[in-house]
Amino acid sequence: MSKSVFALAIEPLTIAFTTTGRKAYDVMLWIAQRHPATPDGGYSSPVSDILRGYGSSTKASERVQRYIEQMVQTTVVWRPLAASDSGTLHLEGFEPAASPAVKDEARTFPLLAEARLYIRGGEAWVTWYYPPSIKEQLLSPERWAQIELKSIARLSTYTGVALYEICARYKDSPGGLTSKHDPDFWTRVLREGGGSKPREFRKFKNELLMPAIAQINEVTEIFIEPIEHGNKLEQRTLQFRVFRKTKEIERVPDAADVTLVLRAAKMGVRESDLDALTLKYGALKVTEGLDAMEAQINDTSETKILNRGAYLKAVLTNRFPDGGVPEPLSAEELRPLQKVDPRVEQQALIDAWRANRQKQIRAEFTALPEGEKVRWIDQAAPTILQSALSTPGVRRRVAEHDWESPLISRVVLDVYATARHGAGWKDPSEIDLVMFSVAEARQK
């Protein structure tokens with residue numbers, strides 16, 4: 001997706017712009033760039049093409065309506081990333097800077113001018129309209145950054161999404177360096193905003209910026225590193241060095257996944273609280289915490305949970321201690337939790353190890369020369385063709401040495417891994433599990 005450079009560094013003013021909301025906005029922009037406008041200048045799409053992972057259609061419509069309303073109500077300041085951007089956004093009603101001495105010019109716009117949610121053929125649809133003065137810059141930008149929606153979908157925090165979009169502009173630039181800005185600039189454009197006072201940069205850096213950089217480097221097509229300019233007593237400016245990784249991820253747009261968000265909202269946990277807990281503990285652990293809280297909510301005892309966000313935080317702190325001492329909650333907020341069955345935790349660890357092992361084997365096989373891949377596919381072919389699941393389509397893919405199909409890759413990777421690593425390649429030892437558990441803990 002080509003995203004205008006003027007839409008990268010934005011500071012939400014009126015309300016906090018959530019992670020999922022910004023992802024959905026990018027997907028809607030991608031759709032608008034590839035489909036013609038309606039006769040009245042809007043852009044239409046089924047809701048399912050934008051967001052996935054919800055429950056009933058009624059609840060989905062309510063949830064999507066909240067994100068759409070958020071885009072219409074969110075007024076943002078678009079801040080120039082580079083000196084060359086200042087004064088170059090010539091839009092209706094906004095004249096260029098009167099004097100070359102005017103620097104760091106900022107422009108204020110809503111994200112959407114109007115949006116309509118409705119039902120068509122039993123399916124939820126949305127039609128949206130961009131502000132006229134910025135429509136052309138968004139849909140046909142003169143200067144743009146190449147954004148990979150697949151990368152955005154893999155990022156779990158607002159800071160990660162915002163920083164990735166900014167740095168993606170420089171991934172093909174010869175120098176690979178963003179412009180220098182003071183810490184206040186970065187805290188404003190890399191956070192949800194909403195008018196709240198920016199956090200002290202030291203805390204922002206440790207709690208949000210560095211985890212976001214680590215995740216970008218792990219799951220996207222770029223690698224970034226911060227470069228700080230200043231002394232130990234005063235940090236004056238910060239910029240980022242950007243590298244494009246050798247092998248890019250496939251350019252396939254993905255919808256914003258709101259499964260966890262919807263479930264938490266249904267149980268009374270605010271999205272901002274969920275984002276903070278997901279950043280600290282990861283989606284899998286937060287899901288486990290929601291499981292425990294749901295069991296407590298469904299309990300018929302008289303003890304009720306008054307503060308759902310605090311309860312979820314306490315569950316995660318108790319189950320996954322990080323060295324800190326959790327603050328005790330009142331009896332009205334929570335009651336003691338039942339202990340988790342050790343056998344369940346052990347099986348969950350084994351399943352996580354096997355999933356990680358499968359990823360390692362797939363990456364190892366993908367890196368093989370094409371000729372060697374063909375040899376392994378041919379070796380696995382008899383097992384595939386004799387399977388009850390063999391179909392004309394499967395047989396054609398085998399003949400074409402197309403191993404990416406799940407039915408084919410499962411057998412090919414098993415044959416390859418068994419020959420290279422032994423029959424027990426997917427059966428972890430106790431030492432394997434201990435080392436994996438330690439590695440996981442260090443990543444959190």
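Just so it is clear, the model here is predicted, and its values are computed rather than measured.

S.K.: Explanation requested: the overall build of the protein chain in the structure shown.
M.R.: When helices and strands are counted, the protein chain shows 16 helices and twelve strands. For the protein chain, the proportion of its 444 residues judged to be buried stands at 43%. Sequence-distant contacts in the protein chain: of pairs separated by 6 or more residues, those separated by 24 or more amount to 70%. Within the structure as shown, the protein chain displays about 23500 Å² of accessible surface, and the carbon and sulfur contribution to it stands at 53%.

S.K.: Whenever I open this one, the pairing of strand 7 (residues 114–120) confuses me. Can you help?
M.R.: Moving residue by residue along a regular strand, the side chains alternate between the two faces of the sheet. Examined bridge by bridge, strand 7 and strand 8 (residues 123–129) share seven bridges and lie antiparallel to one another. Bridge pairing in strand 8 links Ile119 to Ala124. The loop that links strand 7 with its antiparallel partner strand 8 comprises two residues; one of these, Gly121, has a positive phi angle of about 60°.

S.K.: Whenever I open this one, the nonpolar core confuses me. Can you help?
M.R.: A general feature of soluble globular proteins is that nonpolar side chains tend to end up buried together. Within the largest apolar cluster, 57 residues are counted, with the highest numbers of intra-cluster contacts made by Met71, Trp128, Tyr130, Leu163, Leu190 and Leu209. For this core, the element with the most residues is helix 5 (residues 158–168), which contributes eight residues. Sequence-distant contacts of Leu190, that is, excluding residues within four places in its chain, are made with Tyr158, Thr159, Ala162, Leu163, Ile166, Phe204 and Leu209.

S.K.: For this particular structure, what's the right way to read helix 5?
M.R.: Because an α-helix packs 3.6 residues into every turn, residues spaced three or four apart end up facing the same way. Within helix 5, eleven of the eleven residues are buried, which leaves it mostly tucked inside the rest of the structure. Within helix 5 the residues assigned to the buried category are Tyr158, Thr159, Gly160, Val161, Ala162, Leu163, Tyr164, Glu165, Ile166, Cys167 and Ala168.

S.K.: Help me understand the pattern of salt bridges, please; the structure alone is not making it clear to me.
M.R.: One side chain can pair with another of opposite charge once the charged atoms of both are near each other. Counting across every chain of the model gives 16 salt bridges. A salt bridge links Asp184 to Arg188; its shortest N-O distance comes to 2.9 Å. With Asp184 and Arg188 both in helix 6 (residues 183–189) and four residues apart, the pair spans about one turn of that helix. Judged by its relative accessible area of 37%, Asp184 is partly exposed. Under the relative-accessibility criterion, Arg188 is labelled partly exposed at 26%. In this structure, the salt-bridge partner of Glu225 is Arg241, at a minimum N-O distance of 2.7 Å. Of this pair, Glu225 sits in strand 10 (residues 222–230) while Arg241 sits in strand 11 (residues 235–244), and the two are 16 residues apart along the sequence. A relative accessible area of 29% means that Arg241 is categorised as partly exposed.

S.K.: Just to check I follow, could you spell out the environment of Phe109 for this structure?
M.R.: Within the secondary structure, Phe109 sits in strand 6 (residues 107–110). In this structure Phe109 comes out as buried when scored by relative accessible area, which is 3%. Here the alpha-carbon distance between Phe109 and Pro131, two residues 22 residues apart in the chain, equals 7.9 Å.

S.K.: Any chance you could explain empty space enclosed by the protein here in plain terms?
M.R.: If a probe as big as a water molecule is rolled over the atoms, it shows which places are left empty. Scanning all chains against the criterion turns up four cavities of 30 Å³ or more. Considered as a void within the structure, the second largest cavity measures approximately 60 Å³ in volume. What lines the second largest cavity is Lys3, Ala7, Ile10, Phe17, Arg22, Tyr25, Trp78 and Leu111. Looking at the lining of the second largest cavity residue by residue, the classes come out as six nonpolar, no polar and two charged.

S.K.: Would you mind going over helix 11 (residues 308–319) with me for this structure?
M.R.: For helix 11, spanning twelve residues, the distance from its first C-alpha to its last is 17 Å, which sits close to the expected 16 Å at 1.5 Å a residue. Listing the buried residues of helix 11 in full gives Gly309, Ala310, Tyr311, Leu312, Ala314, Val315, Leu316 and Thr317. Where helix 11 is buried, its residues meet helix 9 (271–281) and helix 10 (283–297). Here helix 11 starts with a cap whose side-chain oxygen sits 3.3 Å from the backbone nitrogen of Gly309, and that cap is Asn307.

Rules behind the numbers
- Residues numbered from 1 in each chain as written.
- Predicted model: local features only at pLDDT ≥ 70, side-chain atom pairs only at ≥ 80, totals over all residues.
- Heavy atoms only, no water.
- Helix = DSSP H or I, 4+ residues; strand = E, 2+ residues; numbered from the N terminus.
- Buried < 20%, exposed > 50% of the residue type's maximum accessible area, 1.4 Å probe, protein only.
- Contact = heavy atoms within 4.5 Å.
- Areas by Shrake-Rupley, 256 points an atom, 1.4 Å probe, with all protein chains shown as cover.
- Pairing = 2+ DSSP bridges.
- Core = buried A, V, L, I, M, F, W, Y, C linked by side-chain atoms within 4.5 Å.
- Salt bridge = Lys/Arg side-chain N within 4 Å of Asp/Glu carboxyl O.
- 1 Å grid on protein atoms, 1.4 Å probe; cavity = no way out; pocket = protein on both sides within 12 Å on 5 of 7 lines; lining within 4 Å.
- Points joined across faces, edges and corners; volume = space filled by probe spheres on them.
- Nonpolar A, V, L, I, M, F, W, Y, C, P; charged D, E, K, R; others polar.
- Expected span 1.5 Å × (residues − 1).
- Polar contact = N/O pair within 3.5 Å; in protein donor to acceptor, adjacent residues only side chain to side chain.

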